Amino acid sequence: LHAARSICTNLLVPLVCFVKLLHRYVIFVRGQQQAAHLLQQTGGHAESALDMAGYVEFQHSYRQVLRAHKSALYAQRSFWKVLLHSNVTFTAIVKAFKHIEATRSRADKMYQTVLERYPLNIKVLRAYARFLEDVKNDPWSASHFYTEADKLEEQEGAEGTDALAALGSNQGVDATGGTKQVDEKTSAVCVINATGTIQMTNKVLLKMFGYRKGELEGKNVSMLMPQPYSGRHNGYLRNYQTTGVPKILDQTQEMVALHKEHYVFPITLCVTRVSGVGAEAMFMGVMKPAVEDSASVKAWVMPGAALLH
């Protein structure tokens, strides 16, 4: 029996290696295809196309590593649930330990791969620091990565991630629906996924809405809108995934936004899809304070006759 298990193990090792190599090759091919597609979309501007392709590739890698991180945390939670049972068998404990080790090892390898590709990315460094703290119980190593991330943030002047800066400088829509350069120093930029979860924001948006760095990422973008818009926004995203028919994409429109201090203010907003389709779609919103016309008065009224602004 032992010999049979050894033979099976030896047969599985090259298979696992092949799967890993195949996975890497698929990622590489997808990246090349995305770069070629973006190059065509940007009319031959190679630099902007590669910047956008790099941003898309980073988002995919970052989401994958966060899923592995979450799986490792779930494995730990499952272990403690096993211990809560009145009758705990040794087999159940061993199985839980093996599951913890497997998920932790997988997440650690994925983090090492992403860190090798993005060694100076602040988000990745801080995520790995949390992984070292929460999963590997290594606060000393985590402190090193936190310190490194803080140094990089200071060097970059707290401008946010390089991916957002590159994307914001190459993608935007003007009042007529055409693309043009977006100045991230004057425009508020927000990137969300297909479920409305905020992926990235810049300093201008944080200042405009009254938030500090890190308070918005991972939250739903509807928190930046008053009712009834906030209650309907997720439905708009679901409808777009289902039908593929855009309602407000690539159009500049005036609307009201909700400040952290719970007051509303008028803005101009333009949303465009920057990558992916369906559940993998990513959207970027570019906002500026609305220019008030002293010769006219505009009122925003809710369906219940409540005055918003």
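To start, this report covers the structure provided alongside it. Values in this document were obtained by computation on a predicted structure and should not be read as measured data.

**Side note on the sheet that holds strand S3 (residues 252-258)**
The strands making up a sheet are joined through hydrogen bonds of the backbone, oriented either antiparallel or parallel.
Line of reasoning, step 1. Taken together, the five strands give an open sheet; going across it, the order is S2-S1-S5-S4-S3, and neighbouring strands pair in antiparallel fashion. A strand with exactly one partner marks an edge of an open sheet, and here the two such strands are strand S2 (198-201) and S3. Each strand of the sheet is rotated relative to its neighbour by a mean of 35°, with strand direction disregarded.
Line of reasoning, step 2. Pairing between strand S1 (residues 188-193) and S2: three bridges, direction antiparallel.

**Side note on unusual backbone geometry**
Line of reasoning, step 1. A cis amide bond, omega 5°, links Gln227 with the succeeding residue Pro228.
Line of reasoning, step 2. Position of Pro228 among the secondary structure elements: in the loop between helix H7 (203-209) and helix H8 (229-243).
Line of reasoning, step 3. Even without glycine at this site, Asn137 takes up a positive phi of about 55°.
Line of reasoning, step 4. Among the secondary structure elements, Asn137 is positioned in the loop between helix H4 (122-134) and helix H5 (139-155).
Line of reasoning, step 5. Even without being a glycine, Asp250 presents a positive backbone phi close to 60°.

**Comments concerning H5**
Line of reasoning, step 1. Helix length check: H5 (17 residues) gives 24 Å between terminal C-alpha atoms against 24 Å at 1.5 Å per residue, within 8%.
Line of reasoning, step 2. Considered for burial, the residues of H5 that qualify are Ala142, Phe145, Ala149, Leu152 and Glu153. The buried side chains of H5 occupy one side of the element, clustering within an arc of 100° when seen end-on. Summarising the geometry of H5, the exposed residues directed more than 90 degrees from the buried face are Trp140, Glu154 and Gln155.

Conventions adopted
Sequence order as written defines residue numbering, which begins from 1 separately in each chain. In keeping with the predicted nature of the model, local features appear solely for residues at pLDDT of at least 70, side-chain atom pairs appear and are counted solely at 80 or more, and the whole-chain, interface and lining totals rest on all residues. Note that water and hydrogens are dropped before the side-chain values are worked out from all heavy atoms of the structure. In short, DSSP must find at least two bridges between two strands for them to pair. Under the scheme used here, helices are H or I runs from DSSP no shorter than 4 residues and strands are E runs no shorter than 2 residues, and both carry numbers assigned from the N terminus. To get an axis, a line is fitted to the C-alpha atoms, and for a helix only the part in contact is used. The angle between two axes follows their N-to-C directions and goes from 0 to 180 degrees. A helix is expected to reach a length of 1.5 Å times the quantity of its residues less one. In this scheme, a residue with accessible area under 20% of its type's maximum is buried, one over 50% is exposed, and one in between is partly exposed, where area comes from a 1.4 Å probe on protein chains only. Picture the helix axis, draw a direction to every C-beta atom, and the arc is the one those directions span.

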